[in-house]
Amino acid sequence: MNWNVEFAEHFARSARSMRFTAYLLCGNYPEAEDVVQSAFLKLYLAGPGAARREGLDAYLRQIVVRTFITERRRVRWRRERLVGDPPELPEPDPSTEVRIVLWQALGSVPARQRAVLVLRYWHDLSLEDTAAALGCSVGTVKSQGNRGLAALRRRLGPGFDELRMEVRRGAGR
């Protein structure tokens, strides 16, 4: 029997019990899952030589325990830390339809106004940085930005803000 097939069969038979063993060692499922994945990787890399061993389950259990101990001995600092509260989530993206409508409307705005809108509201540049990027005065940025926003509002119509807020509420569900 080839090693890949034998490994897949052994994984199917023993993954659940190894996860439980790792859970008992670690005390939490995410860390236990990491330990088990590392252990199975080490077993796979040991290759067919490991397959000829008697007591492959005992060997794998030994790998799980040693992997757990090694992880605990490492520096206390970790890249990931488990916390009780989820991290702050980004604002949901607008739906594809809303994006298409916005891009089409933005495409209808004159080039200079479009450049101001993209720099100010997409790249979040300050008035001064936008003026420097475009080689114009701050006053020109303000006036072109106001005209560009007005053109977008005319193009999109008064109901667009309501639609956008409705989509945003729907995405948060």
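Each chain carries its own residue numbering, running from 1 in the direction its sequence is written. With the structure being a predicted model, the display of local features is reserved for residues of pLDDT at least 70 and the display and counting of side-chain atom pairs for 80 or more, all residues being used for whole-chain, interface and lining totals. Side-chain metrics in this entry use all non-hydrogen atoms of the structure; hydrogen atoms and water are not considered.

*Asks:* Whenever I open this one, the overall build of the chain confuses me. Can you help?
*Replies:* Helix and strand content of the chain: 9 helices and 0 strands. Helical segments are the DSSP runs of H or I of at least four residues, strand segments are the runs of E of at least two, and each set is numbered from the N terminus. Put simply, the chain runs from its N terminus to its C terminus through helices and strands in the order α-α-α-α-α-α-α-α-α. Relative accessibility decides the category of a residue: with a 1.4 Å probe and only protein chains considered, values under 20% of the type maximum give buried, values over 50% give exposed, and everything between is partly exposed. When each of the 173 residues of the chain is scored for burial, the buried share is 25%. The contact criterion used throughout is that any non-hydrogen atoms of two residues lie within 4.5 Å. Taking the intrachain contacts of the chain between residues at least 6 apart in sequence as the baseline, contacts between residues at least 24 apart amount to 60%.

*Asks:* When you look at helix 6 (residues 111-122) in this model, what are you seeing that I'm missing?
*Replies:* Because each turn of an α-helix spans 3.6 residues, side chains separated by three or four positions in sequence point in the same direction. Among all positions of helix 6, only Gln 113, Val 116, Leu 117 and Leu 119 are buried. Looking at the buried residues of helix 6, the elements they touch are helix 5 (96-107), helix 7 (127-134) and helix 8 (138-156). Asp 124, located one to two residues past helix 6, shows a positive phi value of around 55°.

*Asks:* Quick question: what am I supposed to make of the packing of aromatic side chains here?
*Replies:* Both the distance between ring centres and the angle between the ring planes are used here to describe each pair of aromatic rings. Note on aromatic contacts: the rings of Phe and Tyr and the six-membered ring of Trp form a pair at centre separations within 6.5 Å, being stacked when their planes are under 30 degrees apart, edge-to-face when over 60 apart, and tilted otherwise. This model, assessed by the stated rule, comprises 6 aromatic pairs. Summarising the aromatic geometry, the rings of Trp 3 and Phe 7 are spaced 5.8 Å apart at their centres and angled 55° between planes, so their arrangement reads as tilted. With Trp 3 and Phe 7 both in helix 1 (residues 3-26) and 4 residues apart, this pair spans about one turn of that helix. Here Trp 3 matches Phe 7 in class, with each residue buried. Three or more aromatic residues link up through ring pairs in this structure, and these residues are Trp 3, Phe 7, Phe 11, Phe 40 and Tyr 44. A cation over a ring is seen here: Arg 120 above Tyr 121, with NZ or CZ 5.8 Å from the ring centre. Here, a charge over a ring is recorded when the distance from Lys NZ or Arg CZ to the ring centre is within 6 Å and its angle to the ring normal is within 35 degrees.

*Asks:* Can you walk me through the nonpolar core in this structure?
*Replies:* Within soluble globular proteins, side chains that are nonpolar generally end up buried alongside one another. For our purposes a nonpolar core is just a set of buried Ala, Val, Leu, Ile, Met, Phe, Trp, Tyr and Cys residues, chained together by side-chain atoms within 4.5 Å. Judged by nonpolar contacts, the single largest core of 18 residues is most densely connected at Met 18, Ala 22, Val 35, Phe 40, Leu 43, Leu 60 and Val 64. Elements with a minimum of two residues in this core: helix 1, helix 2 (29-46) and helix 4 (56-73). Apart from the residues within four sequence positions on either side, Phe 40 is in contact with Phe 7, His 10, Phe 11, Ser 14, Ala 15, Met 18 and Leu 60. In this structure, Leu 106, Val 109, Leu 117 and Leu 152 belong to the second largest nonpolar core, which totals 6 residues.

*Asks:* Quick question: what am I supposed to make of unusual backbone geometry here?
*Replies:* One can expect most non-glycine residues to show negative phi and most peptide bonds to be in trans. Of note, Asp 124 is a non-glycine position whose phi angle comes to about 55°, a positive value. In this fold, Asp 124 is placed in the loop between helix 6 and helix 7. Look at Asp 124 and you get exposed, because its relative accessible area is 65%.

*Asks:* I'm lost on the pattern of salt bridges in this one. Help?
*Replies:* Note on pairing: side chains with opposite charge can pair once their charged atoms come close. Salt bridge, as used here: a side-chain nitrogen of Lys or Arg that lies within 4 Å of a carboxyl oxygen of Asp or Glu. Counted under the stated rule, the structure contains 1 salt bridge. Close ionic contact of Arg 19 with Glu 33 constitutes a salt bridge, the shortest N to O distance being 3.0 Å. Of this pair, Arg 19 sits in helix 1 while Glu 33 is found in helix 2, placing the two residues 14 residues apart along the sequence. Look at Glu 33 and you get partly exposed, because its relative accessible area is 27%.

*Asks:* Help me understand the packing of helix 6 against helix 7 in this model?
*Replies:* Between two packed helices, both the angle of their axes relative to each other and the distance between the axes serve to describe the pair. Between helix 6 and helix 7, whose axes approach to 10 Å, the crossing angle comes to 135°. It follows that helix 6 is oblique to helix 7 by the angle criterion. Note on packing geometry: the crossing formed by helix 6 with helix 7 is right-handed. Each of Arg 112, Ala 115, Val 116, Leu 119 and Arg 120 in helix 6 lies in contact with helix 7, whose residues at this interface are Leu 127, Thr 130, Ala 133 and Leu 134. The axes are straight lines fitted to the C-alpha atoms, using for helices just the contacting stretch, and the angles between their N-to-C directions are given from 0 to 180°. Note that the term roughly parallel is reserved for angles under 35 degrees, roughly antiparallel for angles over 145, roughly perpendicular for angles of 65 to 115, and oblique for everything else. Left-handed describes a crossing whose near helix is turned anticlockwise from the far helix by less than a right angle; the clockwise case is right-handed.

*Asks:* Is there a simple way to explain a nonpolar patch on the surface in this structure?
*Replies:* In this scheme, patches are assembled from residues that exceed 30% relative accessible area and form no salt bridge. Like charges are connected within 9 Å, while nonpolar side chains (Val, Leu, Ile, Met, Phe, Trp, Tyr) are connected within 5 Å. Per-residue and other accessible areas follow the Shrake-Rupley method at a 1.4 Å probe size, with only the shown protein chains counted as cover for residues. A surface patch of nonpolar side chains, about 180 Å² in accessible area, is lined by Leu 25, Val 65 and Ile 69. Inspection of the secondary structure assignment puts Ile 69 in helix 4.

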